[in-house]
Amino acid sequence: MSTILEKIAQIESEMARTQRNKATAGHLGLLKARLAKLRRELITPKGGGGASEQGFEVSKTGDARVGFVGFPSVGKSTLLSNLAGVYSEVAAYEFTTLTTVPGCIKYKGAKIQLLDLPGIIEGAKDGKGRGRQVIAVARTCNLIFMVLDVLKPLTHKKLLEHELEGFGLRLNKQPPNISFRKKDKGGVNLNATVAQSELDLDTVKTILGEYKIHNADITLKYDATADDLIDVIEGNRIYIPCIYLLNKIDQISIEELDVIYKIPHCVPISAHHHWNFDDLLDMMWQYLKLVRIYTKPKGQLPDYSSPIVLHHEHTSVESFCNKLHRTIAKEFKYALVWGSSVKHQPQKVGIDHVLNDEDVVQIVKKV
């Protein structure tokens with residue numbers, strides 16, 4: 001492990017010493033690719049799976065999963081206790097929480113699992129503290145709550161983002177619009193639909209050479225960076241929405257609060273005083289993009305108390321059937337849908353029809 005860390009430190013110091021210009025772009029690209037490979041070895045050591053440390057991974061329950069990430073003593077446990085009513089040990093010293101503490105809340109009919117993860121320290125991505133396991137659990141979440149102390153938010157935010165990025169987590173970003181296809185022969189083909197400021201054919205070849213890829217088709221559909229290309233080649237990056245919670249707002253003035261409200265993806269709260277929780281839950285719902293579907297048994301009123309909750313990427317009638325029971329899709333004849341996804345109320349639809357939030361569905365099976 002120490003040798004990998006030494007190699008990473010050497011490469012980082014060399015990158016810091018290298019001037020950035022067109023002549024050094026290829027060399028910097030090569031260093032970035034090497035760095036990404038070493039980081040991957042840190043996350044998944046070459047010696048196979050091995051036993052994971054006890055007390056970390058929590059079984060997934062509910063419709064979505066939200067992880068609390070932050071440095072020690074910023075109020076993660078207090079927030080979880082007050083939101084979900086779960087007791088996570090709270091004290092005035094750092095590192096009170098040592099394992100993952102799960103909680104669950106019901107919001108707009110959806111069950112949302114909240115995970116209080118232990119505090120991350122600087123250098124977690126290099127294996128310090130229990131950061132590796134913490135960030136491994138964070139990778140399985142649908143949304144990250146980054147809890148920050150309002151008195152020193154920006155320094156903490158940068159450090160935490162740096163730690164999470166080192167683990168292949170990309171916060172509030174879209175996957176790069178780069179198509180990458182390996183082939184058996186024909187060398188490297190680079191097509192760019194827009195002018196590129198950083199990547200040219202030589203740089204791309206250098207980066208691919210580090211991964212021992214010598215034949216590939218690459219299309220760049222926007223002005224991409226070397227990091228974007230490495231993300232696409234690595235293929236293990238996870239794109240997660242993130243909300244920054246600025247905790248302890250009871251310690252600042254109203255004028256400062258007005259400034260904080262203008263920061264994107266940000267919600268100021270006070271976990272101790274229960275301030276601004278409704279704003280936080282509302283923003284959480286927007287970022288999770290969950291879709292609620294109500295069931296309607298034949299000849300009865302729709303059941304509005306317990307919706308079936310689908311993820312926004314899988315909202316077809318087929319996904320809905322599989323969520324109810326996996327045998328229903330096989331016996332499916334057609335469905336009657338009331339709601340905003342259809343023109344007529346009700347409308348007869350097939351299994352590929354895409355549903356919208358708060359649609360009512362009645363399924364008719366084959367006889």
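On a predicted model such as this, the values are computed, not experimentally measured, just so you know.

Quick question: what am I supposed to make of helix 9 (residues 277–288) here?
In an α-helix, one turn spans 3.6 residues, which is why side chains three or four residues apart end up on the same side. Counted at 1.5 Å a residue, the expected span for helix 9 with its 12 residues is 16 Å, and the 16 Å between its end C-alpha atoms agrees. All buried positions along helix 9 are accounted for by F277, L280, L281, M283, M284, W285, Y287 and L288. Downstream of helix 9 by a residue or two, K289 has a phi angle that is positive, lying close to 55°.

Please explain the nonpolar core as it appears in this structure.
In globular proteins that are soluble, nonpolar side chains generally tend to be buried together. Formed by 32 residues in total, the largest nonpolar core has its most connected members in L79, L114, F145, L245 and M284. The set of elements that each furnish at least two residues to this core consists of strand 1 (64–69), helix 3 (76–84), strand 2 (101–107), strand 3 (110–116), strand 4 (143–149), strand 10 (242–247) and helix 9. In terms of residue count, the dominant contributor to this core is helix 9 (eight residues). In terms of nonpolar packing, the next biggest core, distinct from the first, is built from 26 residues, L115, V150, I240 and I260 among them.

What is the right way to read the pattern of salt bridges from this model?
Opposite charge on two side chains lets them pair, provided their charged atoms get close. Scanning all chains against the criterion turns up 14 salt bridges. With its nearest N and O atoms 3.6 Å apart, the salt bridge here joins D149 to K248. Of this pair, D149 sits in strand 4 while K248 is found in the loop between strand 10 and helix 8 (254–260), placing the two residues 99 residues apart along the sequence. Across the pair D217 and K183 runs a salt bridge, and its minimum N-O distance is 2.8 Å. Placement of D217 in strand 8 (residues 216–220) and of K183 in the loop between strand 6 (178–182) and strand 7 (188–192) is noted, with a sequence separation of 34 residues between them. Looking at K183, the relative accessible area reads 23%, which means it is partly exposed.

Explanation requested: the environment of V150 in the structure shown.
As for its position among the elements, V150 is in the loop between strand 4 and helix 5 (153–166). Residue contacts for V150: discarding those within four places in its chain leaves L246, N247, K248, I249, I252 and I260.

Could you clarify how one ought to interpret unusual backbone geometry in this entry?
A negative phi holds for most residues other than glycine; trans holds for most peptide bonds. With omega at -10°, the peptide bond leading from Q345 into P346 counts as cis. Positioned with a positive phi, H274 is a non-glycine residue whose angle comes to about 60°. Positionally, H274 belongs in the loop between strand 11 (266–268) and helix 9. Phi is positive for N276, close to 65°, though the residue is something other than glycine.

I tried to follow the packing of helix 6 (residues 201–210) against helix 7 (residues 226–234) on my own but got confused; where do I start?
How two helices sit against one another is set out by the angle between their axes and by the gap between those axes. Two numbers describe how helix 6 lies on helix 7: the axes approach to 11 Å, and their chain directions differ by 35°. Where helix 6 crosses over helix 7, the two elements pack in a sense that is right-handed. Contacts between helix 6 and helix 7 pair V204, I207 and L208 from the former with A226, L229, I230 and I233 from the latter. The class makeup of the residues in the contact of helix 6 with helix 7 is seven nonpolar, no polar and no charged.

Rules used in this analysis
Residues numbered from 1 in each chain as written. Predicted model: local features only at pLDDT ≥ 70, side-chain atom pairs only at ≥ 80, totals over all residues. Heavy atoms only, no water. Helix = DSSP H or I, 4+ residues; strand = E, 2+ residues; numbered from the N terminus. Expected span 1.5 Å × (residues − 1). Buried < 20%, exposed > 50% of the residue type's maximum accessible area, 1.4 Å probe, protein only. Core = buried A, V, L, I, M, F, W, Y, C linked by side-chain atoms within 4.5 Å. Salt bridge = Lys/Arg side-chain N within 4 Å of Asp/Glu carboxyl O. Contact = heavy atoms within 4.5 Å. Axes fitted to C-alpha atoms, helices over the stretch in contact; angles between N-to-C directions. Left-handed = near helix turned anticlockwise from the far one by under 90°. Nonpolar A, V, L, I, M, F, W, Y, C, P; charged D, E, K, R; others polar.

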